[in-house]
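# Inside the fold
Okay, here's what each chain looks like letter by letter:
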Amino acid sequence: MARFSERVRSGTWKGHTDKRIRNVINVGIGGSDLGPVMAYEALKHYSDRSLTFRFVSNVDGTDIAEAVVGLDPAETLFIISSKTFTTIETMTNAETAREWLLASLGGDQRAVARHFVAVSTNAEKVSEFGIDTANMFEFWDWVGGRYSMDSSIGLSTMLAIGPNNFRAMLDGFHEMDEHFRTAPFERNLPVLMGLLAIWNNDFLGAHTVAVLPYEQYLKRFPAYLQQLIMESNGKRVTLDGLPVGVDTSLVYWGEPGTNGQHSFYQLIHQGTRLIACDFIAINQPLNPIGRHHDMLLANAFAQAEALAFGKTAEEVRAEGTPDWLVPHRVFEGNRPSNIILADQLTPETLGKLISLYEHSVFTQGVIWNLDSFDQWGVELGKVLAQRIIPELESKTEPALSHDSSTNNLIRRYRKSKGS
């Protein structure tokens, strides 16, 4: 990975027409997309700004169409990230990307090997696609996508920030790994976070967590955690196949502060649902501009204080508020939150932060007696989609045997496309 990254970053790696690569598009889905795009955004401060990075995941044609707008195919490199190289969304986008490239480069199939590399475990499929297997970056097939961004799935990250910064990120992972492995439970951050999550979920009834990074570079971190946590522990049976008996996995969501304060914080402060919060803040900004950072962190600290202690009716009245308005301005408080405070957002810090949540997820899975590393829940929809695709594409009226709602949706869609 390091050797290849240095060749691309230095301009030594040339495209089919001998132009240097200036655009990199990562094509994946799930962990093959969420991790790389999150890491790219989080570490953009350290990225090579002479390179353009874009990410494609959705099988919606708009995603790939918008990703290639304004790019010169002769200067574009695609990273196809798929463990099996059969993931339907990824391979559909990969085929479209190849067609786009070849249409511009005269249809010469040899161009594929200079503009496509693979992150995969399936050498046969990679070769069939036209990618030189010398440019196939492997990883163990037992690594789940949501745990893979520090493997070769992070190739786009390394291209952006360079091998040294990537290694620093791995050092951060390793440091938290060792902390989790060796620290006593009462001082073990992932264990404490995992226990708090179970306490909030199963004992206090707080079934969702708002992840609120007061750091713009971490804007995609909540989306990354959605998969990491909910795909890992969204299970209803134990390792023995028996009902768990309690609610598992909190629902994770969020937005950067202070944006969220002007939208959904109303529900967190005064709504009827108890919502736990993870605030993430950084002491030293990467872009120190005027008063911005003082105002940002003041808001983070203030929100946590407000959630904890609220505001009583007596305090509201003491401000001269009319009696009829007092109930509307009362904040109950006693709402749970964590504040994770780091000195600076470096590659090492990002590695620690991700590893912290990974081991917290594992801790929860152990207590609930779940397998945090399977994801059978994603399979059924995939199987049904494979059955429906030919019914949508059939030139003749297909015999449909779904439920009445699905049958009518298929007929309505076929009618709209003139089938």
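These figures come from a predicted structure and were not determined experimentally. (Residues numbered from 1 in each chain as written. Predicted model: local features only at pLDDT ≥ 70, side-chain atom pairs only at ≥ 80, totals over all residues. Heavy atoms only, no water.)

### Things to note about the overall build of the protein chain
Quick note on the threshold: Secondary structure elements are defined from DSSP: runs of H or I of at least 4 residues count as helices, runs of E of at least 2 residues count as strands, and each element is numbered from the N terminus. Radius of gyration here uses only the C-alpha atoms, and the compact-globule reference equals 2.2 Å multiplied by the residue count raised to the power 0.38. Each residue's exposure class comes from its accessible area (1.4 Å probe, protein chains only) as a fraction of the maximum for that residue type: buried when under 20%, exposed when over 50%, partly exposed otherwise. In this description, contact between two residues means that some pair of their heavy atoms is separated by no more than 4.5 Å. Under the convention used here, a 1.4 Å probe and the Shrake-Rupley method define accessible areas, while residue burial counts only the protein chains that appear.
Secondary structure summary: the protein chain contains 16 helices and 9 strands in total. Relative to its length of 419 residues, the protein chain is compact, with a C-alpha radius of gyration of 24 Å against a globular reference of 22 Å. With the C-alpha coordinates of the protein chain rotated into their principal frame, the extents come out at 80 × 55 × 45 Å. Of all 419 residues assigned to the protein chain, the portion counted as buried reaches 48%. Sequence-distant contacts in the protein chain: of pairs separated by 6 or more residues, those separated by 24 or more amount to 71%. Accessible surface, the protein chain as shown: approximately 20,900 Å² in total, 53% of it carbon and sulfur.

### Concerning the side chain of serine 360
Residue placement: serine 360 occurs in helix 14 (residues 347-368). Excluding its chain neighbours within four sequence positions, the residues that come into contact with serine 360 are Pro190, Met193 and Gly194.

### Some details on the sheet that holds strand 3 (residues 76-81)
The strands that make up a sheet are held in pairs by hydrogen bonds between backbone atoms, and each pair lies either parallel or antiparallel. Note the threshold: We call two strands paired when DSSP finds no fewer than two bridges between them. Lines are fitted to the C-alpha atoms to define the axes, a helix being fitted only along its stretch in contact, and any angle between axes, read from their N-to-C directions, falls within 0 to 180 degrees.
Sheet architecture is open: 5 strands sit in the order 2-1-3-4-5, paired in parallel fashion. Lying at the two open borders of the sheet, with one neighbouring strand each, are strand 2 (52-56) and strand 5 (136-137). Bridge count between strand 3 and strand 4 (residues 116-119): 4 bridges; the pairing is parallel. Each bridged residue has a counterpart across the sheet, and for phenylalanine 78 the counterpart in strand 4 is phenylalanine 116. Taken strand by strand, helix 2 (residues 31-42) contacts strand 1 (23-27), strand 2 and strand 3, and its axis lies near 150 degrees from that of strand 2. This element, helix 4 (residues 88-104), spans strand 1, strand 2, strand 3 and strand 4 of the sheet and lies at about 160 degrees to strand 3.

### Focus: the layout of surface pockets
This is how it is decided: Think of a 1 Å grid over the protein atoms and nothing else: a 1.4 Å probe that fits but is trapped marks a cavity, an open set flanked by protein within 12 Å on at least five of seven lines marks a pocket, and residues with an atom within 4 Å of a point count as lining. Grid points are joined across faces, edges and corners, and a volume is the space filled by probe spheres set on the points. Polarity classes work like this: nonpolar for Ala, Val, Leu, Ile, Met, Phe, Trp, Tyr, Cys and Pro, charged for Asp, Glu, Lys and Arg, and polar for all others, with Gly in that last group.
Its volume calculated, the largest pocket comes out at about 830 Å³. Lining the largest pocket are 33 residues; nearest its centre among them are Gln227, Glu231, Gln375, Val378 and Lys382. Those elements that place two or more of their residues in the lining of the largest pocket are helix 2, helix 4, helix 10 (221-233) and helix 15 (379-393). If one sorts the elements of the lining of the largest pocket by residue count, helix 10 sits on top with 4 residues. Classifying every residue of the lining of the largest pocket by side-chain character gives 8 nonpolar, 17 polar and 8 charged.

### Thoughts on the packing of helix 2 against helix 10
Short version of the rule: Here roughly perpendicular refers to angles of 65 to 115 degrees, roughly parallel to angles under 35, roughly antiparallel to angles over 145, and oblique to all remaining angles. Should the near helix be turned anticlockwise from the far one by less than a right angle, the crossing is termed left-handed; should it be turned clockwise, right-handed.
Where helix 2 meets helix 10, the axes come as close as 9 Å, and the angle between the chain directions of the two elements is 150 degrees. For the element pair helix 2 / helix 10, the angle class is roughly antiparallel. Classified by chirality, the crossing of helix 10 by helix 2 is left-handed. Of the residues in helix 10, those touching helix 2 at Gly31, Leu34, Gly35 and Met38 are Phe221, Ala223, Tyr224 and Gln227. The residue makeup of the contact of helix 2 with helix 10, split by class, is 5 nonpolar, 3 polar and no charged.

### Points about the pairing of strand 3
Regular strands place side chains that alternate from one sheet face to the opposite one. Of all the 6 residues making up strand 3, 6 are buried; the element is thus mostly covered by neighbouring parts of the structure. Of the two faces of strand 3, the one holding Thr76, Phe78 and Ile80 and the one holding Leu77, Ile79 and Ser81 are both buried throughout. Sheet analysis places strand 1 next to strand 3, joined by 5 bridges and oriented parallel. Bridged to asparagine 26 within strand 3 is isoleucine 79.

### Structural notes on the sheet that holds strand 9 (residues 337-342)
In space, the 4 strands of this open sheet follow the order 7-6-8-9, with parallel pairing throughout. Unpaired on one side and paired on the other, strand 7 (251-253) and strand 9 mark the two borders of the sheet. The average angle at which neighbouring strand axes cross in this sheet is 20 degrees, direction not considered. When strand 8 (residues 275-282) meets strand 9, the two strands line up parallel, connected through 6 bridges. The residue of strand 9 that forms the bridge with aspartate 278 is asparagine 338. Across the sheet, helix 12 (residues 292-309) touches strand 6 (208-214), strand 8 and strand 9, and the angle it forms with strand 8 is around 155 degrees. Across the sheet, helix 14 lies against strand 7, strand 8 and strand 9, angled at about 155 degrees from strand 9, the strand it touches most.

### Description of the pattern of salt bridges
This is how the line gets drawn: Note on definitions: salt bridges are taken to be side-chain nitrogens of Lys or Arg within 4 Å of carboxyl oxygens of Asp or Glu.
Tallied over the entire structure, the rule returns 14 salt bridges. Across the salt bridge formed by lysine 219 and glutamate 41, the nearest N and O atoms sit 3.8 Å from each other. Taken together, the positions of lysine 219 in the loop between strand 6 and helix 10 and glutamate 41 in helix 2 put the pair 178 residues apart, joining distant regions of the chain. Residue classification places glutamate 41 among the buried positions, given a relative accessible area of 16%. A salt bridge links glutamate 178 to arginine 181, with the shortest nitrogen-to-oxygen separation between them at 2.7 Å. Residue glutamate 178 and its partner arginine 181 are both found in helix 8 (residues 163-182); the two are separated by 3 residues, about one turn of the helix. By relative accessible area, which is 60% here, arginine 181 ends up exposed. Because the salt bridges share partners, they merge into one network encompassing Glu41, Lys44 and Lys219.

### Focus: a nonpolar patch on the surface
Heads up, the condition is: For patches, a residue must show more than 30% relative accessible area and have no salt bridge; joins then use 9 Å for like charges and 5 Å for nonpolar side chains, namely Val, Leu, Ile, Met, Phe, Trp and Tyr.
Judged by side-chain polarity, Leu189, Leu192, Leu195 and Ile367 come together as a nonpolar surface patch covering roughly 320 Å² of accessible area. As for its position among the elements, leucine 189 is in helix 9 (residues 189-203). With a relative accessible area of 43%, leucine 189 lands in the partly exposed category.

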